[in-house]
Structure formats: structure tokens, C-alpha cells
Amino acid sequence: MVTVDSVRRLALSLPRTTEHLIHDRVKFRVGQIVYVAFSRDETVMGFAYPKEERDALIASDPAKFHLPGLSDQRFHWVHAWTAALDEDEMRELVVDAWRMVVPKSVAAAHLSP
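Residues numbered from 1 in each chain as written. Predicted model: local features only at pLDDT ≥ 70, side-chain atom pairs only at ≥ 80, totals over all residues. Heavy atoms only, no water.

## A look at the sheet that holds strand β4 (residues 44-48)
Spatially, 6 strands are ordered β1-β2-β3-β4-β6-β5 in an open sheet, and the strand pairing comes out antiparallel. Looking along the sheet, the strands with just one partner apiece sit at the ends: β1 (17-22) and β5 (65-66). In this structure, β4 lies alongside strand β6 (residues 77-81), joined through 5 bridges in antiparallel fashion. Residue pairing for β6: Val-44 is matched across the bridge by Trp-81. The strands touched by helix α2 (residues 51-60) within the sheet are β4, β5 and β6, with β6 carrying the most contacts at an inclination of about 15°. Helix α3 (residues 87-101) contacts β1, β2 (25-30), β3 (33-38), β4 and β5 of the sheet and is inclined by roughly 155° relative to β3. (Pairing = 2+ DSSP bridges. Helix = DSSP H or I, 4+ residues; strand = E, 2+ residues; numbered from the N terminus. Contact = heavy atoms within 4.5 Å. Axes fitted to C-alpha atoms, helices over the stretch in contact; angles between N-to-C directions.)

Okay, structure coming up:
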């Protein structure tokens with residue numbers, strides 16, 4: 001099970017990330033762009049994800065992944081149940097979401113061996 005604290009440790013280690021509490025929801029962003037956010041009860045983690053790939057992700061495990069509410073489906077965004085995610089999946093999802101919002105040079109510098 002993934003927690004806000006485990007995501008926080010990872011997210012805040014990524015360059016340019018800041019944490020914000022907005023309307024009682026924990027959000028991680030780069031500049032003004034949110035790339036990970038939690039529901040108020042912390043049972044759902046939303047994250048940036050390419051629109052053209054999200055149907056395949058959801059179809060791969062519909063018990064774990066689902067679309068956001070109708071008004072948020074216009075964004076590059078997917079939701080996951082935190083209880084269904086393991087640490088490795090969370091790490092991959094958060095890092096990939098972060099890579100979508102930072103300049104390629106920043107991601108390359110941080111992720112290169």
C-alpha cells in the first residue's frame with residue numbers, strides 16, 4: 001500500500017518539486033503544474049499520464065486504475081487506488097508524471113547514471 005509519506009519522500013527528491021496543501025488535498029507540482037495529487041481521504045492518487053495511453057493503463061488493471069471525474073478527463077490524468085499500488089509501481093508512476101512536467105534537460109540530468 002502506498003501512502004502520502006512514501007510519495008512525499010520520492011516527489012520531494014525530484015528537482016523543482018514543491019508540495020502544497022490545496023483545499024485539504026496534498027499536491028506535488030513543478031511551477032504551477034500539478035503532477036501528483038491525493039484525494040482528501042488519501043485513498044486515491046491522481047497523476048499525470050499521457051491521454052493517448054491512459055485507456056490501455058486502465059484496461060491493464062481496472063481494479064487499480066480509473067479515470068478521474070468527467071470534468072478532469074480533459075487533462076493528462078489518471079487515478080489509482082493507493083491500497084492497490086505497491087512501492088515499485090508508485091515510483092514508476094510518480095517519476096514518469098514528473099518527467100512530463102519538467103524540461104527534458106532537467107529530467108535527463110537527474111535520471112542519468
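The structure having been displayed, the exposition proceeds.
## Describing α3
Note: α-helices contain 3.6 residues per turn, so residues at a spacing of three or four share the same orientation. Under the 1.5 Å per step criterion, the end-to-end length of α3 is 22 Å for 15 residues, consistent within 8% with the ideal 21 Å. Within α3, the full set of buried residues consists of Met-90, Leu-93, Val-94, Val-95, Ala-97, Trp-98 and Val-101. Put simply, Asp-86 is the residue that caps the front of α3, since its side-chain oxygen is 3.1 Å from the backbone nitrogen of Asp-88. (Expected span 1.5 Å × (residues − 1). Buried < 20%, exposed > 50% of the residue type's maximum accessible area, 1.4 Å probe, protein only. Polar contact = N/O pair within 3.5 Å; in protein donor to acceptor, adjacent residues only side chain to side chain.)

## A word on the packing of α3 against helix α4 (residues 104-111)
Two elements in contact, α3 and α4, have axes whose closest approach is 7 Å; the angle formed by their N-to-C orientations is 145°. The residues of α4 that touch α3, namely those facing Val-95, Trp-98 and Arg-99, are Val-106, Ala-107, His-110 and Leu-111. Its residues assigned to classes, the contact of α3 with α4 comprises 5 nonpolar, 1 polar and 1 charged. (Nonpolar A, V, L, I, M, F, W, Y, C, P; charged D, E, K, R; others polar.)

## Things to note about the pairing of β1
In this sheet, β2 lies alongside β1 in antiparallel orientation, the contact comprising 6 bridges. Looking across to β2, one finds that Glu-19 is bridged to Phe-28. Where β1 folds back onto β2 in an antiparallel hairpin, the turn is made up of 2 residues, including His-23, whose phi is positive at roughly 50°.

## A look at the packing of helix α1 (residues 4-11) against α3
Contact geometry for α1 and α3: axes closest at 10 Å, N-to-C directions at 45°. Classified by the angle their axes make, α1 and α3 are oblique. The crossing of α1 and α3 is right-handed. Contacts between α1 and α3 involve Ser-6, Val-7 and Leu-10 from the first element and Glu-87, Met-90, Arg-91, Val-94 and Val-95 from the second. Within the contact of α1 with α3, the residues separate by chemical class into 5 nonpolar, 1 polar and 2 charged. (Parallel < 35°, antiparallel > 145°, perpendicular 65-115°, else oblique. Left-handed = near helix turned anticlockwise from the far one by under 90°.)

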